[in-house]
Amino acid sequence: MSRVGDVFNWYTEHDKNDPNMYELIEVLSQYSRNADESKEKVEDLVELEVERLITNGIIKDQNDSLVKMVMEFADKALKGEAVPQELEDYAKKVAGVSF
C-alpha cells in the first residue's frame, strides 16, 4: 500500500482527528512525482480531509483559501504534473501555518 492509502486508512480509523494539511500537501506532491496508487484513492483522501476541516469547524466552507490551495495540488497530482521539491517545501509550510 502506498502512502496515500496509509494516510487515508489512518483518517478513516481516527474519525475525530483534525486533518494535517502539511502532510496532505506532502502526500499530493509526492504522488505527483510518482503515482503509485489509484487516482480515486487520492480523490477520496482529499475529499475526506477537506470534509474534516469543515466538520471540525476549522474552516467554514470550501471557498477557504486553504482548500483552494489543496485542490490546486490535488489537480496537479491527478494530472501527473510533477510538483518540484522546492514548491512542495514552501507549500507545506504555508499550509501548516495557515492551518
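The preceding data block contains the structure.
Report follows, based on the coordinates. Just so we're clear, the structure is a prediction, and the values are computed from it rather than from any experiment. (Residues numbered from 1 in each chain as written. Predicted model: local features only at pLDDT ≥ 70, side-chain atom pairs only at ≥ 80, totals over all residues. Heavy atoms only, no water.)

**Describing the nonpolar core**
For step 1, the next point in the chain: Within the largest apolar cluster, 28 residues are counted, with the highest numbers of intra-cluster contacts made by Leu-28 and Val-70.
For step 2, the next point in the chain: Looking at this core, the elements that each hand over two or more residues are α1 (3–13), α2 (21–33), α3 (39–55), α4 (65–79) and α5 (85–98).
For step 3, the next point in the chain: With eight residues, α4 is the largest single contributor of residues to this core.
For step 4, the next point in the chain: Ignoring any residue separated from it by four or fewer positions in sequence, one finds Leu-28 in contact with Val-42, Val-46, Val-70, Phe-73, Ala-74 and Ala-77. (Core = buried A, V, L, I, M, F, W, Y, C linked by side-chain atoms within 4.5 Å. Buried < 20%, exposed > 50% of the residue type's maximum accessible area, 1.4 Å probe, protein only. Helix = DSSP H or I, 4+ residues; strand = E, 2+ residues; numbered from the N terminus. Contact = heavy atoms within 4.5 Å.)

**Concerning the packing of aromatic side chains**
For step 1, the next point in the chain: The tally for this structure, following the rule as stated, stands at one aromatic pair.
For step 2, the next point in the chain: Ring geometry for Trp-10 versus Tyr-11: centroids 5.0 Å apart, planes at 85°, classification edge-to-face.
For step 3, the next point in the chain: Accessibility expressed as a relative area gives 3% for Tyr-11, which makes it buried. (Phe/Tyr/Trp six-rings, centres within 6.5 Å; stacked < 30°, edge-to-face > 60°.)

**Here's the deal with the pattern of salt bridges**
For step 1, the next point in the chain: As enumerated under the stated definition, the model contains eight salt bridges in all.
For step 2, the next point in the chain: A salt bridge links Arg-3 to Glu-23; its shortest N-O distance comes to 3.6 Å. Taken together, the residues Arg-3 in helix α1 and Glu-23 in helix α2 connect sequence positions 20 residues apart.
For step 3, the next point in the chain: One salt bridge in this structure joins Asp-75 and Lys-79, with 3.2 Å as the shortest N-O distance. (Salt bridge = Lys/Arg side-chain N within 4 Å of Asp/Glu carboxyl O.)

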